[in-house]
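# Commentary on secondary and tertiary structure
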2 protein chains.
Amino acid sequence: MTSLFKYLKKFYPLSKEAEQAIGEICKIITVKKNTDLQPIGHTCKTIYFINKGVARIYYFKDGVDITESFAFENNIIARIESLFTGKPSRKAIQILEDSEIVAINSTQLFKLYDTFPEIERLFRLIFESAYVDTVNRIESIQFHTAEERYKALIKDAPNVLKKVPLKHIASYLGITQVSLSRIRGVK
Amino acid sequence: MTSLFKYLKKFYPLSKEAEQAIGEICKIITVKKNTDLQPIGHTCKTIYFINKGVARIYYFKDGVDITESFAFENNIIARIESLFTGKPSRKAIQILEDSEIVAINSTQLFKLYDTFPEIERLFRLIFESAYVDTVNRIESIQFHTAEERYKALIKDAPNVLKKVPLKHIASYLGITQVSLSRIRGVK
DNA sequence: GTGATTATTTATCATATGTTAAATGGTTTA
DNA sequence: TAAACCATTTAACATATGATAAATAATCAC
């Protein structure tokens, strides 16, 4: 679990007590490729940290599987539209290769916010940073061609190509698999 | 300033002391149509609440004016990519009609977080909610046609048509003014 | 109010991406 | 190893949106 705390420290340094309190609401799990961590339709009550492996958030749009986002090693993934609203999620988190995951119980985490303002601050900063990334992603979607977005993605996350099927990359980029194939075909 | 506090209360109820502390770092200003509240290139140190009027965040992409978002009465607007990173903003906030605005100094606000955990919580909840909206907007951009997005916008914010030039609506939707005109032309 | 500026529409042509279908290549399982 | 299944590519055609230019319409400044 040291890599989780190393990750958290980058956002805000915690006291020993706060760190221990977080440790107590975490579980390390190993997950096989292609399993869903939580089914679509259930309210999100867990924040996941990827120790080792890859995951994606996906949902179905008119029956088509759409990837909303990827998460790689040493990063957090959560269905925030459910986590922050308490509503059932239309999305699922899928593990894309055999992975080791830290599962943080969000109900217990949010309770810790009352006792440890420093923990509330830590996660505030984490999600503020994710929020900024999301705002920037809108700009990327709206004002770059699919080809530019594809090139930016493989520059930004070269591992994605090694670990993720192209069909998921296509839907993440907002295009069809056929379009992505065409883009890749052009030298 | 009562409408600001009414807005805040929807997210998290504050103690009298916290409310007063916030009141002390706010300024009410009246702003003429078409003025920029803060120039591009300066670090965002203010969160604005629209008492009366309309505003937009915009920036230049390859010399073209792009609207990132609108804000109407009883809502907050801030350049969060600068507010949360401390980096200079490439964006500006422009007032689109004569408006009355509450300006909240963010440096002082963030200092209040240390004294009033309830204020930190309040703004955490506000921005978490805005974060969720942004995630949903990505879905809207990626998987709906420009025409669908236009119709959704005028359904969602009918005032936008009365108060905002079409060219700003077009760039907000991610299309050219000419395309929007064509979409509107079709009965 | 008049002229100048700015916003919006209309038209034409170009292009990126979608849709469908079929061909090829790769992986899993019995 | 073969068979079945899944992923990726290729091809042909359709369509939404972009780019440019010109015509109206609306707004602003004097």
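Sequence order as written defines the numbering, with residues in each chain counted from 1. All chains are assigned letters beginning with A, and all ligands numbers beginning with 1, in the order in which they are written. For a predicted model such as this one, the threshold for reporting local features is a pLDDT of at least 70, and the threshold for listing and counting side-chain atom pairs is 80 or more; totals across whole chains, interfaces and linings nevertheless cover every residue. To get the side-chain values, all heavy atoms of the structure are used, and hydrogens and water are removed first.

This paragraph deals with the protein's contact with DNA strand D. Proximity criterion: a residue is near a molecule or strand once any of its heavy atoms comes within 4 Å of it. Lining the immediate surroundings of DNA strand D are 17 residues, of which K167(A), S181(A), A146(B), S179(B) and R182(B) lie closest. At 3.1 Å, a backbone N or O of L166(A) approaches a phosphate oxygen of DNA strand D. Pairs of N or O atoms within 3.5 Å make up the polar contacts considered here, provided that, within protein, one atom can donate a hydrogen while the other can accept it, and that residues adjacent in sequence are counted only when both atoms are side-chain atoms. Between DNA strand D and S181(A) there is a distance of 2.9 Å, counted from a phosphate oxygen to a side-chain nitrogen or oxygen. Contributing elements (two or more residues each) for the surface near DNA strand D: α8 (166-173) and α9 (177-185) of chain A together with α9 (177-185) of chain B. With five residues, the top contributor of residues to the surface near DNA strand D is α9(A). Under the scheme applied, nonpolar residues are Ala, Val, Leu, Ile, Met, Phe, Trp, Tyr, Cys and Pro; charged residues are Asp, Glu, Lys and Arg; polar residues are all the others, including Gly. Per-class residue counts for the surface near DNA strand D are six nonpolar, six polar and five charged. Think of it this way: any DSSP run of H or I at least four residues long counts as a helix, any run of E at least two long counts as a strand, and we number them from the N terminus.

Right, let's talk about the state of the cysteines for a bit. When the sulfur atoms of two cysteines come within 2.5 Å, that pair is taken as a disulfide. This structure, assessed with the given rule, holds zero disulfides over all chains. No disulfide involves C44(A); its sulfur sits 14 Å from the nearest other cysteine sulfur, which is in C26(A).

A separate point is the sheet that holds strand β3 (residues 46-52) of chain A. Residues and elements named next belong to chain A. Read from one edge of the open sheet, four strands run β1-β8-β3-β6, paired in antiparallel fashion. The outermost strands of the open sheet, each flanked by one partner alone, are β1 (26-31) and β6 (76-77). Between any two strands, at least two bridges found by DSSP are needed for them to pair. For β3 and strand β8 (residues 99-105), the ladder comprises six bridges, and the chain directions are antiparallel. Bridge pairing in β8 places K52 opposite E100.

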